[in-house]
Structures are given as structure tokens and as C-alpha cells.
Amino acid sequence: MSEANPYSVLFEPVQIGPVTARNRFFQVPHCNGMGHLRPRAEAAMRAMKAEGGWAVVCNQETEIHPTSDLSPYAENRLWDARDIPALRLMTEGVHAKGSLAAIELAHNGSHAQNLLSRAPVLAPSDMSLELVYPKQARAMDKSDIRDLRRWHRAAALRAREAGFDIVYVYAGHDMTLAHHFLKPHMNDRSDEYGGSLENRLRLTRELLEETHDAVGDTCAVAFRFAVDEMLGADGMQAAEEGRAVVEMLAELPDLWDVNVTSWANDSATTRFQPLDGYQNDYISFVKSVTSKPVVGVGRLTSPDMMASMVRKGIVDFIGAARPSIADPFLPTKIEQGRVDEIRECIGCNICVAADSAGVPIRCTQNPTMGEEWRRGWHPEQIAAKGEEEDALVIGAGPAGLECAMQLARRGYQVTLAEARAELGGRVLCESRLPGLGAWIRVADYRLHDLRQRANVQIYTDSRLDAAQVLELGIPNVFVATGAQWRADGVGRNTLRARPTIAPDAVILTPDDIMAGIRPPDGPVVIYDDDHAYIAGVIAEQLAVAGHAVTFVTPEPLVSSFTGLTLEQHRIQTRLIELGVDIRCNQILAGVDAATVQSVCSFTSRPTQFPCGSAVLVTERTRETALYTGLQTKGLKTLQLIGDAAAPALIADATYSGHMAARNFERSDTEVDRDWFRREIIDLEEGEI
Ligand code: ADP
Ligand code: SF4
């Protein structure tokens, strides 16, 4: 790296106990929905991070014993020696790219449900499980604690055998026994493991000491600790017990990986936490208390902020989960002075949603995330073009932009035509809604790339019809014309009994609101049968603008999908605080000039809400007229992509555009045959 690189401080090696990281980029543990069920996929994803320059690459929480069984979620697993080979895939992949591999050992206590193992659930005190299941955890007796320590030690030894260089003790995210013992509201013990902070910390201290004793000669021992619960005086605070813990254990771990809890605070979305580096205020004291290296996170994507955090002595390592998902090559790009090519995380938590749903990780910004093994996709590489020369992409939303960018990278002459004066499609519109400003990064990243390329021509104000497309004479056409919100209230709950919309009803759609159309003065009813973020954001915007807003939904919670992105509680809280009248379990029946009518989703009992206008957020209609018009016109290839093919998340649109570009000039047989690789269960009877 050139001496002139202003970020050279980020590329200094750092010693962690007995091992050395080649630079300061540290991919902290993150869930990914692959885990023990899809070990090849996880290994390839982690190896890609190493290839992209992350000096330390962690796996995700790793169950150390059947009493910590997170099924049906696909975390990592190290119950016994038979789990070693799957984890070794990752360490070998990471080592092959010159990085250190770290494992986050975890006993999840009452955060686990033990649904597969049917083992008793363990906790500091008798208590209900964290997730709703009618089963209780039992207070661990002394022999349980001895067992736990033995299991943790054995897991550390197996981790070393699997090739890990760094072994974690984990007390964070409210998810592990070490953390549960620390919290007074979960620990009412009267023995030496309860009461004073020293007692509540005893288990953690023992785990750290015993992990050191077991593997510390060759492996570094890391401690992941949430210094603040972000509950003020109702929880652990960085200024009080959080700091006391760091002081009491200061030199015991080889590395401090510090953050805030809960997971929703640690992985806050940009909608509720717009600032990068938002954890600095909580963690900055740690380095003054310990001489050991410190890693911190906070959706860090700006190299300037990273370098300043190191120079100011806030951290030794730049920790990242989401920024490393959005751009596995972030360190390499900084090292090579290609900072403007960083694909910045937008803080939407769709990556989290996949894990929460128990399926492999995906990313709005990085369509290759999770596809490294099963499709062989590389975030920075794509096959060169075949025999075709030219491609036309119509529509510059996330699907069209991604498709055009990847086609251009393959070497085709790409023409991109967009009807509107501005590029970005839905991303441009949605980014203007409150809290969603970071969404624009999806367009910015791709436009920056496209504008550098000589083989790309971009036309705005160009709404093409079929005749105009044919006039262009480009034989390969990708239609990414998007979808429009419907105004008739039809959606998943109104298919049997379609709502009656009176001619004098004032109806608006999300497209109208995003286009700047404001409802007339007076009360507004927002009907949400979409359940993602849009209706909640519009409710917020209209309430802030002074409208009396009633939010009506067939679901029992506002924006129920956003439970998967760790935001639901925040959205509902915000709407309540803004005075929005929330009416759940109501299905739309009709709208007239003065009321919205609904029926109870359980009893069908009718209700009505006064309104001057209604915003209907139900479904989108695909914009397929151009595609249909071109179908019989003898084009060499014609593909419908993105929301025009299947309305879904922005992440699905970028994925669709990426897939189309990858598959261009591949035969149907090839595409069908290589749909994706699966990790099929081995039916050979293993030893018990
Ligand atoms: P996606 O999420 O699939 O990318 P978007 O709705 O975000 O879809 O973007 C679709 C884009 O296509 C919009 O910017 C829209 O203006 C544009 N568009 C729609 N029809 C045409 C057309 N006939 N010619 C050019 N652009 C079009
Ligand atoms: Fe960031 Fe969203 Fe990608 Fe997650 S899915 S890494 S939050 S851009």
C-alpha cells in the first residue's frame, strides 16, 4: 500500500494474544441462516470476507452443548467432535486467504428452547423462556454450573482442533448464560454466583480463565461484552456496572469485543439510528481501562471515521457485521484507494430478517451475499461477455441499475433508459420518506459505477414504448419497469370480499405520497395489508405533518414483518407517541367520502372510522405493458426482471437484476441444471 494512503493506520498489524491480525479490519460474529445446516455455504461466505481483506473473520454463535439448542434456527454447532469437520471448512477457507478465524462459543441458556434436543433449559434462576413457548428454564445448581464450565472448556478444545485462532467467551445480546448471570433481573441467586457484581461475574471469569487454560497457548481468547443495555438506569450502563466489569476483567481476555445490547440496539437500523459510529459514546472508555486490543462496531462504512476512531484511541480494530455483508471487499477497496467503490450498507436489516426467518442470509446492497458457494457468485467478479454485443435495460430502479451495471462489467454495450428525469426508481422515492434516506445508497453505488464506464449510455426522460424499443435495434432487452401500488384496497385479506370504494372517496396510494401529493386537511386512515415498512413510515410522515391519523391493519401488530428486521417495537412505539390511533385485526370493507369501513378479522363485526381521505397500502400491480408489447416482436432475448416480474423487497429487485445479468447468454439447460447447489443430508448412518 502506498505511504500516501490516508488510511494506512487501518492496515497496521495487531497482536491478539498469541496470534497476529494482518490489519485492523475485524468481521465480528454475525448470524446468517446457514450455520450447521449449510456449512459449505457459510464457509464460502466467510472465506470471501477473508479474500476481501478482513484480517479476522468470526463465525456466528456456536452452540456448545445440546442444552443450548437454538433449533429451528441455523446457528453454528459444536456439541461434540462430529461437528468439527463442518467448522473446519470455514477455518481452512479463511486461512487460505491469509486471515484469522474466530469462533463465538455460546451457551444460550433461556434464549434457547431446546426444541430439538428436548433437554432441560438452563438459567441462573427459574424463569420463562425468552421466546414464547410454554416451557420454563430451571435455576442451575452447582453441578449444572460445573457441567457448563466443562462443556465450554471441551468446546474450546474442539474449536482449536477445528483450526480456530481466536476463541470467544460471549456475554452479550441478552443471549447467553454468561450475560444472564450478570443481569440482576435474571439472577436472584443467593450463592456465590448471585448478588454482588463480583458474584454475578464469577461464571464469566471462570469461563475466561478456563478457556485460556485450555487453548490460550495457541489461541487468543476474546471476550464479547455488551457494556450498556441502553435502558438508562433500568439496565446495565456503560458509566456504571458496564465499566466496572471491564475494570474487573481488564487484562483477562486477549481481546475485548464490546458493543451494546439488545441485538436491536447493536444492529440498529438507519431508520432509528441514522448515525454511523453510534456506539462510540458507549464503548470509548474501554481502551482506557485495558491494555488489550479493543474491537467496536456501529455500522462503520466511512474510512475517515474508521481512521479517526483508531487515531483517537477509541478502538484498535474496526468491527463490522453489516458493512462486511454489504461489501466483503471493503478493506481491499480502502487499501487500494478505491474508497468511492465501497458498497455501503443501508441499515435495512434484511440480512437479519433472513436469519430470523431461518433461511440463508441475503443483502439489499450485495446480491451475491449467501450465494458464494451455492451459485459460485463472487461480489467483485463476473464472467466476461459471450458472443452478444448489445443490451438494453429499461427502467432504472434497483433491478435495472444492478442488471445494467453487471452487464457493463461483463463487457456488453449497455443502454439504460428511464422514463423519469431522475434515476433510482422506487429507491429514489422511498428514500424521501422519513428515516429512509440511506436507501438512496442503493442507487448511488450503482450510478457511480455506471457513470465511470465507457460502454454505458444512460437516457433519462425516456419512457419507451414497444415501437421505440424496436427502433433502437438492440436485440437483447431487459424490462425492469417496476410496479405501482394499487388503489382499490385489494390485498391478501380482501381477496374474498373486495372492498367497496365509493366514487367520491378520496384515495391515495404510497406512490402518490412519495410523489409529494398531500391528503386534504382532515383525518386520514391508513390501511396496511402489506405489513412491511411503507405504511408505518407514511403514518409517521402524515402524523408529523399534523394530520389526525388512524392506522388500520388486519394484523395484531403494526408493520408486523418488521419484527424480523428488529424494528417492530420501535415503529409501534413511535406511532403511539405521535398520537396515531392504531386499530388492529381490522379488514378493509369499504371507503366513502367520510368513512373507512372495516370488519373484525375474527368476528366480522363491522366498525367505521371517520376520514377525509384514505391511504391504501395493500399490493402492487406489475408494470408489464411494455414487456407484453415486445413479446411477439422477434427480439433475440427479452426478460422481465425486478418488481415488474415479482413485486417484493428492494433486496429481491437487486437480486433479480444481478441474476439476469449473470444468466445472460447461458443456455436454459445450464441455468436449470445449475439452479443452485444444495447441501443434502447424508443418509449414511453415522456413529452415535
Ligand atoms: P425495480 O424495483 O424492479 O427496479 P422500480 O419501480 O424501482 O422497479 O423501477 C422501475 C423504473 O422503471 C421506474 O423508475 C420507472 O420510471 C421506469 N419505467 C417504467 N416504465 C418505463 C418505460 N416504459 N420506459 C422507461 N422506463 C420505465
Ligand atoms: Fe446492510 Fe441491509 Fe445489506 Fe444488511 S441487508 S448488510 S442492513 S444493506
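No experiment lies behind these values; they were computed from the predicted model shown. (Residues numbered from 1 in each chain as written. Chains lettered and ligands numbered in written order. Predicted model: local features only at pLDDT ≥ 70, side-chain atom pairs only at ≥ 80, totals over all residues. Heavy atoms only, no water.)

**Student:** Could you give an account of the overall build of the chain, with specific residues and numbers?
**Tutor:** On a plain count of helices and strands, the chain comes out with 24 helices and 30 strands. Taken along its principal axes, the extent of the C-alpha atoms in the chain is 75 × 65 × 55 Å. Relative to its full complement of 688 residues, the chain shows a buried share of 60%. Within the chain, the 93 negative side-chain charges are centred at a point lying 2 Å from the centre of the 69 positive side-chain charges. (Helix = DSSP H or I, 4+ residues; strand = E, 2+ residues; numbered from the N terminus. Buried < 20%, exposed > 50% of the residue type's maximum accessible area, 1.4 Å probe, protein only. Lys, Arg positive; Asp, Glu negative; His and termini not counted. Charge placed at Lys NZ, Arg CZ, Asp CG, Glu CD.)

**Student:** Please provide a residue-by-residue account of the site of ligand 2, values included.
**Tutor:** Neighbouring ligand 2 are the residues R322, I325, A326, C345, I346, G347, C348, N349, I350, C351, C363 and T364. In a pocket analysis with a 2 Å cut-off to the grid points, ligand 2 is assigned to the second largest cavity. Of all the elements in the fold, those that place two or more residues in the shell around ligand 2 are α12 (322–326) and α14 (350–357). In terms of residue count, α12 provides more of the shell around ligand 2 than any other element does, 3 residues in total. (Near = heavy atom within 4 Å. 1 Å grid on protein atoms, 1.4 Å probe; cavity = no way out; pocket = protein on both sides within 12 Å on 5 of 7 lines; lining within 4 Å. Sits in = over half its atoms within 2 Å of the grid points.)

**Student:** A description of empty space enclosed by the protein should follow, citing residues and the corresponding values.
**Tutor:** Any space left empty among the atoms is revealed by the rolling of a water-sized probe across them. On inspection of all chains with the given rule, the structure shows 4 cavities of 30 Å³ or more. Volume-wise, the largest cavity comes out at about 140 Å³. C348, I350, W439, Y533 and L649 are the residues nearest the centre of the largest cavity, which is lined by 15 residues in total. Taken together, the residues of the lining of the largest cavity sort by class into 10 nonpolar, 3 polar and 2 charged. A volume near 90 Å³ is recorded for the second largest cavity. Taken together, R322, I325, A326, C345, I346, G347, C348, N349, C351, C363, T364 and Q365 make up the full set of residues lining the second largest cavity. Per-element accounting of the lining of the second largest cavity gives the leading share, 3 residues, to α12. A class-by-class count of the residues in the lining of the second largest cavity yields 7 nonpolar, 4 polar and 1 charged. (Points joined across faces, edges and corners; volume = space filled by probe spheres on them. Nonpolar A, V, L, I, M, F, W, Y, C, P; charged D, E, K, R; others polar.)

**Student:** Quick one: what's the story with the UniProt feature "domain: NADH:flavin oxidoreductase/NADH oxidase N-terminal" (unreviewed entry) in the chain, residue by residue and with numbers?
**Tutor:** Here the UniProt feature "domain: NADH:flavin oxidoreductase/NADH oxidase N-terminal" (unreviewed entry) sits at residues 10–340. Across residues 10–340, the secondary structure splits into 35% helix and 19% strand, with the terminal C-alpha atoms separated by 17 Å. (UniProt positions renumbered as here; feature names shortened; annotations may be inferred.)

**Student:** Please set out the pattern of salt bridges residue by residue, giving values where relevant.
**Tutor:** Using the criterion set out here, one finds 46 salt bridges in the structure. The partner of D316 in a salt bridge is K287, and the shortest N-O contact between them spans 3.0 Å. In this pair, D316 is assigned in the loop between α11 (303–311) and β14 (317–320) and K287 in helix α10 (residues 286–289), connecting sequence segments 29 residues apart. Judged by relative accessible area, which is 13%, D316 ranks as buried. In this structure K287 comes out as partly exposed when scored by relative accessible area, which is 26%. Among the charged side chains, a network of salt bridges with common partners joins D276, R299, E344 and R441. (Salt bridge = Lys/Arg side-chain N within 4 Å of Asp/Glu carboxyl O.)

**Student:** Go over the site of ligand 1 with me, naming the residues and quoting the values.
**Tutor:** Neighbouring ligand 1 are 23 residues; A399, E418, R426, L464 and D643 lie closest to it. Within the contact set of ligand 1, an oxygen atom lies 2.6 Å away from a side-chain nitrogen or oxygen of E418. At a separation of 2.9 Å, a nitrogen atom of ligand 1 approaches a polar backbone atom of L464. Protein chains shield 95% of the accessible area of ligand 1, which is 580 Å² for the free molecule. When residues of the shell around ligand 1 are traced back to their parent elements, those giving at least two are α15 (398–410) and α16 (425–430). Among the residues forming the shell around ligand 1, the class breakdown is 11 nonpolar, 7 polar and 5 charged. (Polar contact = N/O pair within 3.5 Å; in protein donor to acceptor, adjacent residues only side chain to side chain. Areas by Shrake-Rupley, 256 points an atom, 1.4 Å probe, with all protein chains shown as cover.)

**Student:** Outline the sheet that holds strand β30 (residues 637–640), listing residues and values.
**Tutor:** The 5 strands lie next to each other as β17-β16-β15-β18-β30, forming an open sheet whose pairing is parallel. The open sheet has two edge strands with one neighbour each: β17 (456–459) and β30. Across the sheet, the mean angle separating the axes of adjacent strands is 15 degrees when strand polarity is ignored. Where strand β15 (residues 390–394) and strand β18 (residues 476–479) come together, 3 bridges link them in parallel fashion. Each residue of the ladder has a partner; that of V393, found in β18, is F478. Contacting β15, β16 (413–417), β17 and β18, α15 crosses the sheet at an angle of about 165 degrees to β16. (Pairing = 2+ DSSP bridges. Axes fitted to C-alpha atoms, helices over the stretch in contact; angles between N-to-C directions. Contact = heavy atoms within 4.5 Å.)

**Student:** Quick one: what's the story with the packing of aromatic side chains, residue by residue and with numbers?
**Tutor:** All told, the structure shown has 12 aromatic pairs when counted by the stated rule. Centroid distance F25 to W54: 5.7 Å. Interplanar angle 90 degrees. Geometry classified as edge-to-face. One end of the pair, F25, is in strand β3 (residues 25–27); the other, W54, is in the loop between α1 (39–51) and β4 (56–63), and 29 residues separate them in sequence. Of the two residues, F25 and W54, both sit in the buried class. Seen from their ring centres, F223 and W256 are 5.3 Å apart, and the 65 degrees between their planes marks the pair as edge-to-face. Taken together, the residues span a long stretch of sequence, with F223 in strand β11 (residues 220–228) and W256 in strand β12 (residues 255–260) at a distance of 33 residues. Its relative accessible area of 0% is what places F223 among the buried residues. Taken together through their ring pairs, the aromatic side chains of F11, F25 and W54 make up a single cluster. Sitting over the ring of W675, R375 keeps its end group 5.2 Å from the ring centre. The lysine or arginine in question, R620, covers the ring of W485, its NZ or CZ lying 5.3 Å from the ring centre. (Phe/Tyr/Trp six-rings, centres within 6.5 Å; stacked < 30°, edge-to-face > 60°. Lys NZ or Arg CZ within 6 Å of the ring centre and 35° of its normal.)

**Student:** Give a description of the UniProt feature "domain: TMADH/DMDH/HD second alpha/beta" (unreviewed entry) in the chain that names residues and reports values.
**Tutor:** What UniProt calls "domain: TMADH/DMDH/HD second alpha/beta" (unreviewed entry) maps, in this numbering, to residues 508–592. With 31% helix and 22% strand, residues 508–592 has its two end C-alpha atoms placed 13 Å apart.

**Student:** Explain the domain arrangement of the chain residue by residue, including any values.
**Tutor:** Segmenting the chain into domains produces domain 1 (8–357), domain 2 (390–482 + 623–673) and domain 3 (485–621). Relative placement of domain 1 and domain 3: their C-alpha centres are 40 Å apart. Facing the 14 residues of domain 1 at the interface are 13 residues of domain 3. Both sides of the domain 1 and domain 3 interface together cover about 1200 Å² of buried area, and 61% of this is carbon and sulfur. Looking at the side of domain 1 facing domain 3, the largest losses of area belong to A264, R271 and F272, adding up to 56% of the total buried there. Here domain 1 and domain 3 share 1 salt bridge between them. (Domains from an automatic or database assignment. Buried area = accessible area lost by both parts, 1.4 Å probe.)

**Student:** Lay out the pairing of β14 in plain terms, naming residues and giving numbers.
**Tutor:** Regular strands place their side chains on alternate faces of the sheet. Residue alternation in β14 divides its side chains into two sets, F317 and G319 and I318 and A320, and both sets are buried. By the bridge criterion, 3 bridges tie β3 to β14 in an arrangement that is parallel. Bridge pairing in β14 links Q27 to A320. As judged from the 2 bridges shared by strand β13 (residues 294–296) and β14, these two strands associate in the parallel manner. Looking across to β14, one finds that V295 is bridged to F317. Between the parallel elements β13 and β14, the chain passes through α11 in a crossover that is right-handed. (Right-handed = clockwise from strand over helix to strand, strands pointing away.)

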